[in-house]
2 protein chains.
Amino acid sequence: MSRASYRPITQGPSARPETWEETLSSVERAVTISQVAALAGVSTGTASKALNGRGALRPETRLRVQQAAERLGFVANAAARSLQTGRTYTVGMITTDSIGRFSIPLLIGAEDALGAGQMSVFLCDARDDPIREQYYLKTLLSRKVDGIIVTGRRTLARAPIGVRLPVPVVYAFISSADPDDCSVVPDEADGARRAIRHLLAIGRRRIAHVTGPEHHHSATIRASAAADALAAEGLTSAAPTLYGEWSEAWGRQAAGILLSTGADVDAVFCGSDQIARGLAEALRDAGRVIPRDVALVGFDNWDVMVEGCRPALTSVDMDLEGIGRTAAELLLQTINGDPVRGQHARPCRLVPRASTAV
Amino acid sequence: MSRASYRPITQGPSARPETWEETLSSVERAVTISQVAALAGVSTGTASKALNGRGALRPETRLRVQQAAERLGFVANAAARSLQTGRTYTVGMITTDSIGRFSIPLLIGAEDALGAGQMSVFLCDARDDPIREQYYLKTLLSRKVDGIIVTGRRTLARAPIGVRLPVPVVYAFISSADPDDCSVVPDEADGARRAIRHLLAIGRRRIAHVTGPEHHHSATIRASAAADALAAEGLTSAAPTLYGEWSEAWGRQAAGILLSTGADVDAVFCGSDQIARGLAEALRDAGRVIPRDVALVGFDNWDVMVEGCRPALTSVDMDLEGIGRTAAELLLQTINGDPVRGQHARPCRLVPRASTAV
DNA sequence: ATAGGCTAGGAAATCGATTGCCTAGACGCT
DNA sequence: AGCGTCTAGGCAATCGATTTCCTAGCCTAT
């Protein structure tokens, strides 16, 4: 626990230094614009104009101010600026569930797009706790962020984080239950279709589907899209969809089920890379050769899984980084006065590897 | 790309709404403390005191102000507050390399400790680019953060991010080359010793070590600590340390080397869980039974790896979340006037699983 | 020579909250 | 009754930067 010791600093000058600044050999007081102005021999107003390229100033004066700022190492106080301008050049990012494997690419993508717009990101980890979520929302509003991005693992559309908020909100990966809110999500059905079409293209016809829990939105939507894609070719699934968990263990177990029921499959589309990897292992142990006997497609394109799998795993990539970037871009657009509404589904990408190389 | 359309808003009232706020049916202007004060029938100063529990006020007045604030949904403007108080209740977190698997637990731990202190985190991803790093540093300083946490994948001590900064800095996971700076790092030697002692405790004597690249600080320090731990028992390594990559592929390859050289090993301590998992797979394929023939210990305790491994992998946990938490706590302590200096090494923890269960 | 226009830069209000100082009025004591 | 004390709460300065006026001085044109 941090010792929250707000000790008084009213001790003799010889006392042990008590605050951070006192411990510096020479105290580094923050440089203000008035100091810059004084050094350049102008007023603060003029200094401000010089540094922000506003107003009518002689180029020579402008330069003098800039050099003074440079020499003093002046950095404008963001609080003072935003108090005046109303803009903070800051956005909040609330992750509904804990920060995890899926949040990172989203975060990186968003950070990428926002950094280009010179904006900083407040990261808030709500940990699936509505109380924490509302607390963070309040904090972000008090900090007067210019906008908010809400992310979370995708199960179902979530309740809007707030109504009639004074700042724009964009949902990334997860979507808002209010169709009027702006959400950016992966088109998972598209991903499933790409997987099936890829398997069909390499000549497979007896295709099974093994995926996560049936109550998980991603599992059901991928399953039904896969079934539709097969139906479009006049085919049906080589076995009933196997619902389980998003784990390697379940993949291994599912392989056992497929083998024992004697289902004659020549390909399996898996709901996640972990499931696919488990399946691959168990199939190999059973003497099946991948992809000769059974071709395999995963979902997520998670580097350590697709590369660790033997053979390397073909997988569907949801482009989470792109989703994060798009969400941030739409947020910026909204902030800049061109509001964006509605749900935006982004296509997936199939990354072929050895597990489907014929 | 975001259309950075800073359009003028000087159009007739009938024009299409151009800014975010105009698109709200009723504009939600932020509530200020003067509005609260007016509603409560007091001055702004009094309102401030009432809401912050300061000054001498009648309980009844205090309550009246609080109720007014509640009714209006008042949230204090953080910029105005910090302009006055000098505190922002914000810290910056700069990740030297990109946000990745190691950063997340650090981030969560830090967020945990800071959130408890009501502080928010600015996340900055420097992506191994010194320019970006300095840019972010400047941004954080302009935002007057109360402190900075610097993290990054651990190779060697890094150059201090800045000298004589006006705010305290704590390095987490990575350490600063200046021994006077405050760094919180895992005691990797301790982790290696625990691994070896555990293997010795279950009766193994012919222990090999397979790890990452020799130029990687973590690899060499773990290797030498392991050798020392063996020497302490009068033993030597069963085979020369095998340096390679931090990957499953290298683990598989290393297994081949150990098997082909006929080294008679009954245990392998691996520099990472990925290496261990690769090794486990290859050993199994070669007919070796784990842990009966060969016991296995990994490093990192990365959930998906230790659980995906067959059998489940015993591993050394560096407690990254604890490191993040500690770093944040030391930072808070320093901010609160009780400066902390020097390098703090935190012990590791061995998590035994089936791969060493005798 | 003088009015008008233009330019460069200064003065001061402003953003919203905090806080030190001050005072009106209540109260108690002699 | 008069004086001192204490309490509750108001007033106004303050933080640092931006921005809107405003003006001194110069130039030009008639």
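No experiment lies behind these values; they were computed from the predicted model shown.

Considerations on the overall build of chain A
Item 1. When you go through chain A residue by residue, the secondary structure sums to 13 helices and 12 strands.
Item 2. Over its C-alpha atoms chain A spans a radius of gyration of 28 Å, topping by over 25% the 21 Å that the globule rule assigns to 358 residues.
Item 3. Burial status across chain A gives 53% buried among its 358 residues.
Item 4. Surface exposure of chain A reaches about 15400 Å², of which carbon and sulfur atoms provide 53%.
Item 5. Of the side chains in chain A, 40 bear a positive and 39 a negative charge, and the two mean positions are spaced by 6 Å.

Observations regarding the protein's contact with DNA strand D
Item 1. Around DNA strand D, a shell composed of 25 residues is seen, among which Ile-33 of chain A together with Thr-46, Lys-49, Arg-58 and Thr-61 of chain B lie nearest.
Item 2. Each atom of DNA strand D within 4 Å of the protein was assigned to sugar, phosphate or base; sugar and phosphate come to 68%.
Item 3. Within the side chain of Arg-54 of chain A, a nitrogen or oxygen atom sits 3.1 Å from a phosphate oxygen of DNA strand D.
Item 4. With respect to DNA strand D, the backbone of Ser-43 of chain B contributes an N or O atom lying 2.9 Å from a phosphate oxygen.
Item 5. Residue assignment for the surface near DNA strand D shows that the elements contributing at least two residues are α3 (44-52) and α5 (78-85) of chain A together with α2 (44-52) and α4 (78-85) of chain B.

Side note on the protein's contact with DNA strand C
Item 1. The immediate surroundings of DNA strand C are formed by 25 residues, with Thr-46, Lys-49, Arg-58 and Thr-61 of chain A together with Ile-33 of chain B found nearest.
Item 2. Considering the 4 Å shell around the protein, atoms of DNA strand C inside it are sugar or phosphate in 70% of instances.
Item 3. A distance of 3.3 Å separates a phosphate oxygen of DNA strand C from a polar atom in the backbone of Asn-77 of chain B.
Item 4. Top element by residues in the surface near DNA strand C is α2 of chain B. It accounts for five residues.

Examining helix α6 (residues 130-142) of chain B
Item 1. Given a rise of 1.5 Å per residue, 13 residues ought to cover 18 Å, and the 18 Å separating the end C-alpha atoms of α6 of chain B matches this to within 8%.
Item 2. Listed as buried for α6 of chain B are Glu-133, Tyr-136, Leu-137, Thr-139, Leu-140, Leu-141 and Ser-142 of chain B.
Item 3. Lining the buried residues of α6 of chain B we find α5, α6 (103-116) and β2 (120-125) of chain A together with β1 (90-95), β2 (120-125) and β3 (147-151) of chain B.
Item 4. The opening residue of α6 of chain B is Asp-129 of chain B, an N-cap whose side-chain oxygen sits 2.8 Å from the backbone nitrogen of Ile-131 of chain B.
Item 5. Lys-144 of chain B sits one or two residues past α6 of chain B and shows a positive phi near 55 degrees.

Looking at α5 of chain A
Along an α-helix, a turn takes 3.6 residues, which lines up residues three or four apart on a common side.
Item 1. Of all the positions in α5 of chain A, only Ala-78, Ala-79 and Ser-82 of chain A are classed as buried. For α5 of chain A, the angular spread of buried residues about the axis comes to 95 degrees, placing them on one side.
Item 2. Residues of α5 of chain A that are buried in the fold lie against α4 and α6 of chain B.
Item 3. For α5 of chain A, the capping residue at the N-terminal end is Asn-77 of chain A, with a side-chain oxygen 2.8 Å from the backbone nitrogen of Ala-79 of chain A.

Details of the sheet that holds β1 of chain B
Item 1. Spatial ordering of the open sheet is given by β11(A)-β5(A)-β4(A)-β3(A)-β1(A)-β2(A)-β2(B)-β1(B)-β3(B)-β4(B)-β5(B)-β11(B), a layout of 12 strands whose pairing is mixed. The open sheet terminates on both sides in strands that have one partner only, identified here as β11 (343-346) of chain A together with β11 (343-346) of chain B. Averaged over neighbouring strand pairs, the angle between their axes works out to 25 degrees when direction is ignored.
Item 2. In the sheet, strand β5 (residues 182-186) of chain B pairs with β11 of chain B via four bridges, with the strands oriented parallel. Directly across from Pro-186 of chain B, in β11 of chain B, lies its bridge partner Arg-346 of chain B.

Regarding the packing of α3 of chain A against helix α4 (residues 59-72) of chain A
Residue and element names in this part refer to chain A.
Item 1. Contact pair α3 / α4: the axes reach a minimum separation of 9 Å and the direction vectors enclose 90 degrees. Overall, the two elements α3 and α4 adopt an arrangement that is roughly perpendicular. Counted together, Ala-47, Lys-49, Ala-50 and Leu-51 of α3 and Arg-62, Val-65, Gln-66 and Ala-69 of α4 form the full contact between these two elements.
Item 2. Residues of the contact of α3 with α4, tallied by class, amount to five nonpolar, one polar and two charged.

Observations concerning the packing of aromatic side chains
Item 1. The final tally for this structure, using the stated rule, is seven aromatic pairs over all chains.
Item 2. Relative to Phe-122 of chain B, the ring of Phe-122 of chain A lies with its centre 4.1 Å away and its plane at 20 degrees, an arrangement referred to as stacked. Taken together, the positions of Phe-122 of chain A in strand β2 and Phe-122 of chain B in strand β2 put the pair across two chains. We note that Phe-122 of chain A, like Phe-122 of chain B, is buried.
Item 3. Between Phe-269 of chain A and Phe-299 of chain A, the aromatic rings sit 6.2 Å apart at their centres with planes inclined by 45 degrees, giving tilted as the arrangement. With Phe-269 of chain A in strand β8 (residues 267-270) and Phe-299 of chain A in strand β9 (residues 295-299), the pair connects residues that are 30 residues apart, well separated along the chain. Side by side, Phe-269 of chain A and Phe-299 of chain A carry an identical accessibility label, which is buried.
Item 4. When the ring centre of Phe-299 of chain A is taken as origin, the NZ or CZ atom of Arg-222 of chain A, which lies over that ring, is 3.7 Å away.

Details of the domain arrangement of chain A
All names here are of chain A.
Item 1. Each assigned domain of chain A is listed here: domain 1 (20-76), domain 2 (87-187 + 321-346) and domain 3 (188-318 + 351-356).
Item 2. Measuring from the centre of the C-alpha atoms in domain 2 to the corresponding centre in domain 3 gives 32 Å.
Item 3. Every contact between the two is made by nine residues of domain 2 and, on the other side, 12 residues of domain 3.
Item 4. Across the domain 2 to domain 3 interface the summed buried area is about 910 Å²; carbon plus sulfur atoms make up 52%.
Item 5. When residues of domain 2 are sorted by the area they lose upon contact with domain 3, Arg-101, Arg-154 and Asp-187 head the list and together hold 59% of the total.
Item 6. The tally of links from domain 2 across to domain 3 stands at one salt bridge.
Item 7. Note that Asp-300 is salt-bridged to Arg-101, the shortest N-O span being 3.9 Å.
Item 8. Within the side of domain 2 that touches domain 3, the residues separate by chemical class into five nonpolar, one polar and three charged.

Overview of the state of the cysteines
Residue and element names in this part refer to chain A.
Item 1. Under the counting rule described, the total for this entry stands at zero disulfides over all chains.
Item 2. Here Cys-270 is not cross-linked by a disulfide; its sulfur's nearest cysteine counterpart is in Cys-309, at 9.1 Å.
Item 3. Residue Cys-270 is classed as buried on the basis of its relative accessible area of 0%.
Item 4. Sulfur of Cys-348: no disulfide; nearest cysteine sulfur belongs to Cys-270 and is 16 Å away.

Some words on the side chain of Ser-315 of chain B
Item 1. By the secondary structure assignment, Ser-315 of chain B is in strand β10 (residues 314-317).
Item 2. Polar contacts involving the side chain of Ser-315 of chain B include one to the main-chain amide nitrogen of Asn-301 of chain B, which spans 2.9 Å.

Section: the pairing of strand β6 (residues 207-211) of chain B
Residue and element names in this part refer to chain B.
Item 1. With respect to burial, β6 is a largely interior element, five of its five residues being buried.
Item 2. Because side chains alternate across β6, one face comprises the buried residues Ile-207, His-209 and Thr-211, and the other comprises Ala-208 and Val-210, equally buried.
Item 3. Pairing between β6 and strand β7 (residues 242-243): two bridges, direction parallel. Looking across to β7, one finds that Thr-211 is bridged to Tyr-243.

Brief notes about the nonpolar core
Item 1. If you look at the biggest cluster of nonpolar residues, it comprises 99 residues, and the most contacted ones within it are Phe-269 of chain A together with Leu-114 and Phe-269 of chain B.
Item 2. Counting residues in hydrophobic clusters, the runner-up holds 34 residues, among them Phe-122, Ile-148, Leu-165 and Val-167 of chain A.

The rules we used
Residues numbered from 1 in each chain as written. Chains lettered and ligands numbered in written order. Predicted model: local features only at pLDDT ≥ 70, side-chain atom pairs only at ≥ 80, totals over all residues. Heavy atoms only, no water. Helix = DSSP H or I, 4+ residues; strand = E, 2+ residues; numbered from the N terminus. Rg over C-alpha atoms; globule rule 2.2 N^0.38 Å. Buried < 20%, exposed > 50% of the residue type's maximum accessible area, 1.4 Å probe, protein only. Areas by Shrake-Rupley, 256 points an atom, 1.4 Å probe, with all protein chains shown as cover. Lys, Arg positive; Asp, Glu negative; His and termini not counted. Charge placed at Lys NZ, Arg CZ, Asp CG, Glu CD. Near = heavy atom within 4 Å. Polar contact = N/O pair within 3.5 Å; in protein donor to acceptor, adjacent residues only side chain to side chain. Expected span 1.5 Å × (residues − 1). Contact = heavy atoms within 4.5 Å. Arc of directions from axis to C-beta. Pairing = 2+ DSSP bridges. Axes fitted to C-alpha atoms, helices over the stretch in contact; angles between N-to-C directions. Parallel < 35°, antiparallel > 145°, perpendicular 65-115°, else oblique. Nonpolar A, V, L, I, M, F, W, Y, C, P; charged D, E, K, R; others polar. Phe/Tyr/Trp six-rings, centres within 6.5 Å; stacked < 30°, edge-to-face > 60°. Lys NZ or Arg CZ within 6 Å of the ring centre and 35° of its normal. Domains from an automatic or database assignment. Buried area = accessible area lost by both parts, 1.4 Å probe. Salt bridge = Lys/Arg side-chain N within 4 Å of Asp/Glu carboxyl O. Disulfide = S-S within 2.5 Å. Core = buried A, V, L, I, M, F, W, Y, C linked by side-chain atoms within 4.5 Å.

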